Amino acid sequence: MTGLPIDLRSDTVTRPSAAMRRAMAEAEVGDDVLDGDPTVRALESRVAELLGKPAALFFPSGTMANQAALWLLGEPGTEVYAHEDSHIVNWEIAGTAGLVGLQVRVVRGAPVLEADALRAAFRPASIHAPRASVVCAENTHNGAGGMVTPLAHLRAIQATAADQGLPVHLDGARLWNAHVATGTPLADFAACAATVMVSFSKGLGAPVGACLAGDAEPMRRAWEVRKRFGGGMRQSGILAAAALHGIDHHLPRLGEDHARARRLAAALAEVPGVQVVPPDTNIVMCDLTGGLTAPEVVARAKAAGVLVTAWHPTRVRCVLHLDIDEAALARASMVLAEVLAA
Ligand SMILES: *Cc1c(COP(=O)(O)O)cnc(C)c1O
């Protein structure tokens, strides 16, 4: 095997392009903790406008933005309702408990959060039972292979939460993908939640960063929470410039990742011993039914120059992104088909 491996482990592995690096190098900057950075301001206005929210705040990571949102909307000693496979439950090192003081009540069932399952999970009122303070939805849903929650379903979740007096936080790390896959305006999705997080370091290809958007007053408080969490950044316009470049140049091309994911899925669906979840967006989940384990597949694919993830003991995850072109897709399809057929 010669050359760099083809890396399908995540859409976070993209390297900033030459044009993105140029935009970063040329960014006008200030001290964003002291009195503001003009490029960060430009990014925040741009995102607020795209999401149809009064304000947005730039964070160093989606994880910090999610936790800040839960801090703003939730109340220590109460519960956040979230799907059992959601990012805040599985991949944020129990920040809900460690930082925010929230207990998680997981909603089980369908691959993503659904209004009926949420309603069924609400506890009967009792002085002995925990109260709920916030609901967290995720779109697209990472744990469910980039599955889209359609607008109507998200609206039903919001209405179900509102019935209980609960605000919704939307973890929209990949809301860009949901928007491109469905044609639903970002602002329509965002209208279903009090706060929305969007990430720049996934499909948009920036090295780092996320925005949290919402009403003006909660976003003023989010500034404090971000600083308290250690997320105040100085000449962060350099990072915001990468995010703006991602919105301008990489958002319109996300459909290519989705098309390539469908083609990879179609190629692997032909292989005996594999069940492929048809992808809504850029993530292909392959369930192994022929006796191979996911770690075996990962090791064999790696030896042949293709990196994939063992998502569960019998589930392999492949993610399409900016740095996977036609040639890489063709090679990865061939290698994975061979490995999976073994
Ligand atoms: C990646 C991701 C996050 C966290 O974003 P980071 O910037 O990596 O901290 C949150 N939610 C979902 C669904 C993600 O995929």
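The rules we used
Residues numbered from 1 in each chain as written. Predicted model: local features only at pLDDT ≥ 70, side-chain atom pairs only at ≥ 80, totals over all residues. Heavy atoms only, no water. Buried < 20%, exposed > 50% of the residue type's maximum accessible area, 1.4 Å probe, protein only. Helix = DSSP H or I, 4+ residues; strand = E, 2+ residues; numbered from the N terminus. Pairing = 2+ DSSP bridges. Phe/Tyr/Trp six-rings, centres within 6.5 Å; stacked < 30°, edge-to-face > 60°. Lys, Arg positive; Asp, Glu negative; His and termini not counted. Salt bridge = Lys/Arg side-chain N within 4 Å of Asp/Glu carboxyl O. Polar contact = N/O pair within 3.5 Å; in protein donor to acceptor, adjacent residues only side chain to side chain. Contact = heavy atoms within 4.5 Å. Domains from an automatic or database assignment. Buried area = accessible area lost by both parts, 1.4 Å probe. Nonpolar A, V, L, I, M, F, W, Y, C, P; charged D, E, K, R; others polar. Expected span 1.5 Å × (residues − 1). Arc of directions from axis to C-beta. Near = heavy atom within 4 Å. Axes fitted to C-alpha atoms, helices over the stretch in contact; angles between N-to-C directions. Parallel < 35°, antiparallel > 145°, perpendicular 65-115°, else oblique. Left-handed = near helix turned anticlockwise from the far one by under 90°.

> Which residues make up the pairing of strand β5 (residues 132-138), and what values do they have?
Counting buried residues in β5 gives six out of seven residues, a clear majority hidden from the surface. Pairing of strand β3 (residues 79-83) with β5, which is carried by four bridges, proceeds in the parallel orientation. If you follow alanine 82 over to β5, its bridge partner there is cysteine 136.

> An account of the packing of aromatic side chains is requested, with residue identities and associated values reported.
Tallied over the entire structure, the rule returns four aromatic pairs. Seen in terms of ring centroids, phenylalanine 58 and phenylalanine 200 are 6.2 Å apart; in terms of plane orientation they differ by 50°. Their pairing is tilted. Taken together, the positions of phenylalanine 58 in strand β2 (residues 55-59) and phenylalanine 200 in the loop between β7 (195-199) and β8 (210-214) put the pair 142 residues apart, joining distant regions of the chain. Overall, phenylalanine 58 belongs to the buried group, its relative accessible area being 1%. According to the relative accessible area criterion, phenylalanine 200 is buried, its value standing at 0%. Clustering of aromatic rings is evident, with ring pairs tying together Phe58, Trp176 and Phe200.

> Let's hear about the side chain of arginine 317: which residues, and what values?
Here arginine 317 is to be found in strand β13 (residues 315-319). Of the side chains bearing the opposite charge, aspartate 11 lies closest to the buried arginine 317, which forms no salt bridge; the N-O distance is 5.8 Å. Only 2.9 Å separates the side chain of arginine 317 from the backbone oxygen of arginine 9, close enough to count as a polar contact. If we ignore the near neighbours within four places in the chain, the residues touching arginine 317 are Leu8, Arg9, Ser10, Asn142, Ile283, Val284, Met285, Val308, Thr309 and Trp311.

> Before we move on, can you summarise the domain arrangement of the chain with the specific residues and values?
Along its sequence, the chain is carved into domain 1 (18-249) and domain 2 (253-341). Its C-alpha centre places domain 1 at a distance of 28 Å from the equivalent point of domain 2. Taken residue by residue, the interface counts 17 residues in domain 1 and 13 residues in domain 2. Both sides of the domain 1 and domain 2 interface together cover about 1,200 Å² of buried area, and 59% of this is carbon and sulfur. Contact with domain 2 buries surface across domain 1, with Gly145, Asn177 and Gly203 losing the most and accounting together for 31% of the total. At the junction of domain 1 with domain 2, the criterion picks out zero salt bridges. Linking domain 1 with domain 2 are four residue pairs in polar contact (both at pLDDT 80 or more), by the criterion used here. When its residues are assigned to classes, the side of domain 1 that touches domain 2 shows seven nonpolar, nine polar and one charged.

> Describe helix α10 (residues 216-228), and please don't skip the residues or the numbers.
With 13 residues, α10 should cover 18 Å at 1.5 Å per step; its first-to-last C-alpha distance of 19 Å lies within 8% of that length. Restricting attention to buried positions, one finds in α10 the residues Met219, Ala222, Val225 and Arg226. Buried residues in α10, looked at end-on, bunch into an arc of 105°, giving them a common side. For α10, the exposed residues lying more than 90 degrees away from the buried face are Arg220 and Arg228. Positive backbone phi, at 90°, marks glycine 230, one or two positions downstream of α10.

> Describe the site of the ligand, with residues and values.
If you check the shell around the ligand, you find 14 residues, and the closest are Gly62, Thr63, Asp171, Arg174 and Lys202. A distance of 2.7 Å is found between a nitrogen atom of the ligand and a side-chain nitrogen or oxygen belonging to aspartate 171. Lysine 202 is positioned with one of its side-chain polar atoms (N or O) 2.7 Å from an oxygen atom of the ligand. If one sorts the elements of the shell around the ligand by residue count, helix α3 (residues 62-73) sits on top with three residues. By residue class, the composition of the shell around the ligand is two nonpolar, seven polar and five charged.

> Quick one: what's the story with the sheet that holds strand β12 (residues 309-312), residue by residue and with numbers?
Taken in spatial order, the four strands make up an open sheet running β9-β10-β13-β12, and their pairing is antiparallel. A single partner strand is all that each edge strand has here, and the edge strands are β9 (274-277) and β12. Strand-to-strand twist of the sheet, defined as the mean angle between neighbouring strand axes without regard to direction, takes the value 35°. Here five bridges tie strand β10 (residues 283-288) to β13, and the two strands are oriented antiparallel to one another. Paired with valine 284 across the strands is cysteine 318, a residue of β13. Across the sheet, helix α12 (residues 254-269) lies against β9, β10 and β13, angled at about 15° from β10, the strand it touches most. Packed on one face of the sheet, helix α13 (residues 294-303) meets β10, β12 and β13 and runs near 170° to β12.

> Please provide a residue-by-residue account of the packing of α12 against helix α14 (residues 326-341), values included.
The contact between α12 and α14 brings their axes to 10 Å, and the two run at 25°. Looking at the two axes, α12 sits roughly parallel to α14. Seen from above, α12 lies across α14 with right-handed handedness. For the pair formed by α12 and α14, the contact residues are Arg260, Arg263, Leu264, Ala267 and Leu268 on the first element and Glu326, Leu329, Ser333, Leu336, Ala337 and Leu340 on the second. Class assignment for the residues of the contact of α12 with α14 results in seven nonpolar, one polar and three charged.

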